[in-house]
Amino acid sequence: DVKVTQSSRYLVKRTGEKVFLECVQDMDHENMFWYRQDPGLGLRLIYFSYDVKMKEKGDIPEGYSVSREKKERFSLILESASTNQTSMYLCASSISPGQGVGGQYFGPGTRLTVT
Amino acid sequence: DQQVKQNSPSLSVQEGRISILNCDYTNSMFDYFLWYKKYPAEGPTFLISISSIKDKNEDGRFTVFLNKSAKHLSLHIVPSQPGDSAVYFCAASSYMEYGNKLVFGAGTILRVKS
């Protein structure tokens, strides 16, 4: 079974703090993704990575950065947390298109509250 | 501009009856469609998918129908069970999209009453 784990289930941070969210997958997937989920807006893609040290902006990258130093690990960084970044953050991984079409496998999510 | 739309924010169904969740898309390049189910405080889990070369795919109680000309897909759950109560997300992808990116709808909350 594919396993995607996220470092924290719940996190409370103060405005202006630097926040690190970690994600690890154990299926040797090339692609990894960070989303945020907000009521009525669905899942919105923040950043994704298709290879180590490679990253691409998603639909809402402002205020975020990412790091992928190892294939299995993808980190989301909030450089200076703001209250509008309070959200559920979801990490996912998937195979590459060349390996067949398939879905993404999600971690359990991190509920981040910025006060 | 939302490329994948789920126009019903919520749906309430009696246990044992059919649940029908709908999804519309605008991008004709999409050729692969998925449904995910999400419980509160958990990540979405893959439910069922369909390729654009098919118009129906069935897996147990779950069937997805695709109408390419109308750019519409639907998920049928028969019979509905209380454990099906969750948020359902429709997602779409283009096979050639680098990185297997998915575009998600806003989700529909399904409540199955016992």
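Residues numbered from 1 in each chain as written. Chains lettered and ligands numbered in written order. Predicted model: local features only at pLDDT ≥ 70, side-chain atom pairs only at ≥ 80, totals over all residues. Heavy atoms only, no water.

Lay out a nonpolar patch on the surface in plain terms, naming residues and giving numbers.
On the surface, Ile18, Ile20 and Val78 of chain B cluster together into a nonpolar patch covering about 220 Å² of accessible area. Tracing the chain through its elements places Val78 of chain B in the loop between β8 (72-77) and β9 (86-93). (Patch = residues over 30% accessible without salt bridge, like charges linked within 9 Å, V, L, I, M, F, W, Y side chains within 5 Å. Areas by Shrake-Rupley, 256 points an atom, 1.4 Å probe, with all protein chains shown as cover. Salt bridge = Lys/Arg side-chain N within 4 Å of Asp/Glu carboxyl O. Helix = DSSP H or I, 4+ residues; strand = E, 2+ residues; numbered from the N terminus.)

Outline the sheet that holds strand β7 (residues 64-70) of chain A, listing residues and values.
All names here are of chain A. As summarised here, the arrangement of the four strands in space is β1-β3-β8-β7, forming an open sheet in which the pairing is antiparallel. Two strands lie at the open edges of the sheet, namely β1 (4-6) and β7, each paired on one side alone. Averaged over all pairs of adjacent strands, the angle between their axes in this sheet comes to 20°, without regard to strand direction. For strand β3 (residues 19-25) and strand β8 (residues 73-78), the ladder comprises six bridges, and the chain directions are antiparallel. Note that in β8 the partner of Leu21 across the bridge is Leu76. (Pairing = 2+ DSSP bridges. Axes fitted to C-alpha atoms, helices over the stretch in contact; angles between N-to-C directions.)

Residues and numbers for the sheet that holds strand β7 (residues 62-67) of chain B, please.
Read from one edge of the open sheet, five strands run β1-β3-β8-β7-β6 (chain B), paired in antiparallel fashion. In the strand order of this sheet, the two ends are held by β1 (4-5) and β6 (56-59) of chain B, each with one partner.

Describe in detail the side chain of Ser93 of chain B, supporting the description with residues and values.
All names here are of chain B. Mapping Ser93 onto the fold places it in strand β9. The exposure class assigned to Ser93 is buried, which follows from its relative accessible area of 3%. Every residue in contact with Ser93, bar those within four places of it in the chain, is listed here: Phe30, Asp31, Tyr32, Lys101 and Leu102. (Buried < 20%, exposed > 50% of the residue type's maximum accessible area, 1.4 Å probe, protein only. Contact = heavy atoms within 4.5 Å.)

Tell me about the pattern of salt bridges, and name the residues and values.
Using the criterion set out here, one finds 10 salt bridges over all chains in the structure. Here Glu69 of chain A and Lys53 of chain A are joined by a salt bridge, their closest N and O atoms 2.4 Å apart. Highlighted residues: Glu69 of chain A in strand β7 and Lys53 of chain A in the loop between β5 (42-51) and β6 (54-57), separated in sequence by 16 residues. In terms of burial, Glu69 of chain A and Lys53 of chain A fall into one category: exposed. Taking the shortest distance from any N to any O, the salt bridge between Lys37 of chain B and Asp84 of chain B comes out at 4.0 Å. Here Lys37 of chain B, found in strand β4 (residues 32-38), pairs with Asp84 of chain B, found in the loop between β8 and β9; they are 47 residues apart in sequence, far enough to count as distant. Overall, Lys37 of chain B belongs to the buried group, its relative accessible area being 11%. A residue is classified by how much of its surface remains accessible, and Asp84 of chain B, at 2% relative accessible area, is buried. Beyond isolated ion pairs, a larger network of salt bridges with shared partners links Asp28, Glu30 and Lys71 of chain A.

Which residues make up the side chain of Ser65 of chain A, and what values go with them?
Residue and element names in this part refer to chain A. By secondary structure assignment, the location of Ser65 is in strand β7. Reaching out from Ser65, the side chain makes a polar contact with the side chain of Glu79 at a distance of 2.9 Å. If we ignore the near neighbours within four places in the chain, the residues touching Ser65 are Tyr47, Ser75, Leu76, Ile77 and Glu79. (Polar contact = N/O pair within 3.5 Å; in protein donor to acceptor, adjacent residues only side chain to side chain.)

Please give an account of the state of the cysteines that cites residues and values.
Within the structure shown, the criterion is met by two disulfides over all chains. Bridging Cys23 of chain A to Cys91 of chain A, the disulfide has an S-S length of 1.9 Å. Taking the torsion about the sulfur-sulfur bond, which here is approximately -80°, the covalent link between Cys23 of chain A and Cys91 of chain A counts as left-handed. Of this pair, Cys23 of chain A sits in strand β3 while Cys91 of chain A is found in strand β9 (residues 87-94), placing the two residues 68 residues apart along the sequence. Overall, Cys23 of chain A belongs to the buried group, its relative accessible area being 0%. Residue Cys23 of chain B pairs covalently with Cys90 of chain B via a disulfide, S to S 2.0 Å. On the sign convention where negative means left-handed, the S-S torsion of about -75° between Cys23 of chain B and Cys90 of chain B marks this disulfide as left-handed. Linking Cys23 of chain B in strand β3 (residues 19-25) with Cys90 of chain B in strand β9, this pair joins segments that are 67 residues apart in sequence. A relative accessible area of 0% means that Cys23 of chain B is categorised as buried. In this structure Cys90 of chain B comes out as buried when scored by relative accessible area, which is 0%. (Disulfide = S-S within 2.5 Å.)

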